Amino acid sequence: MGYGNLNSIETYLNLEREKTWDTINKDIYWDIKNKSKKFDKLKFIIEIYNPDYIFIFNWIEDEDAEALAFSDLNFEWVKEEHIPKTISTYLIKGYNTKIIWTVHPMRLSFLKMNADDLMGKILKCVK
């Protein structure tokens with residue numbers, strides 16, 4: 001089991017929220033952020049580790065993050081397992097990896113759910 005992040009370099013929004021954005025050199029940050037995008041792709045992780053499952057815990061369904069994460073992969077969305085605003089699952093053609101994209105645990109209270117509720121929904125997708 002491993003843990004990672006779809007952003008290999010901390011996001012601008014997180015740095016701003018942590019009140020550290022104004023303390024760094026923006027030119028260097030954006031240079032590193034742009035050069036690191038290849039590490040933000042799921043294909044990189046899948047080819048190195050060949051995982052059975054990848055879990056993505058994200059605040060919202062983010063089309064930009066999804067496009068970057070899935071670039072260079074031929075994926076299939078599993079419509080039957082989709083729960084709006086909660087879970088989307090994907091199969092990657094040519095790999096045995098299943099991706100379960102779900103909400104960030106900190107968002108659960110806004111959805112009137114708890115971790116046990118979310119885990120029950122995730123377990124239904126792990127077949």
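Details of the structure are given in the entry above.
The rules behind these values
- Residues numbered from 1 in each chain as written.
- Predicted model: local features only at pLDDT ≥ 70, side-chain atom pairs only at ≥ 80, totals over all residues.
- Heavy atoms only, no water.
- Salt bridge = Lys/Arg side-chain N within 4 Å of Asp/Glu carboxyl O.
- Helix = DSSP H or I, 4+ residues; strand = E, 2+ residues; numbered from the N terminus.
- Buried < 20%, exposed > 50% of the residue type's maximum accessible area, 1.4 Å probe, protein only.
- Pairing = 2+ DSSP bridges.
- Axes fitted to C-alpha atoms, helices over the stretch in contact; angles between N-to-C directions.
- Contact = heavy atoms within 4.5 Å.

### Observations concerning the pattern of salt bridges
Under the criterion given, the structure shown has 5 salt bridges. Measuring nitrogen to oxygen at the nearest pair gives 3.3 Å for the salt bridge that ties Asp 72 to Lys 41. Taken together, the positions of Asp 72 in the loop between helix H4 (63–70) and strand E2 (75–77) and Lys 41 in the loop between helix H2 (26–35) and helix H3 (42–49) put the pair 31 residues apart, joining distant regions of the chain. Where Glu 47 meets Lys 43, a salt bridge forms, and the shortest distance between an N and an O atom there is 3.6 Å. Here Lys 43 and Glu 47 lie together in helix H3, a separation of 4 residues that amounts to about one turn.

### Observations concerning the pairing of strand E1 (residues 53–58)
Burial of the side chains of E1 is restricted to one face: Ile 54, Ile 56 and Asn 58 are buried, whereas none of Tyr 53, Phe 55 and Phe 57 on the reverse face is. In the sheet, E1 pairs with strand E4 (residues 98–103) via 6 bridges, with the strands oriented parallel. Pairing of Phe 57 across the sheet is with Thr 102, part of E4.

### Side note on the sheet that holds E4
Spatially, the 4 strands line up as an open sheet ordered E1-E4-E3-E2, and their pairing is mixed. Here the strands that pair on one side only, and so sit at the sheet edges, are E1 and E2. For this sheet the average axis-to-axis angle between neighbouring strands, irrespective of direction, equals 25°. Pairing of strand E3 (residues 87–92) with E4, which is carried by 5 bridges, proceeds in the antiparallel orientation. From the neighbouring strand, Tyr 90 faces E4, where its bridge partner is Ile 99. This element, H3, spans E1, E3 and E4 of the sheet and lies at about 150° to E1. This element, helix H5 (residues 115–125), spans E1, E3 and E4 of the sheet and lies at about 160° to E4.

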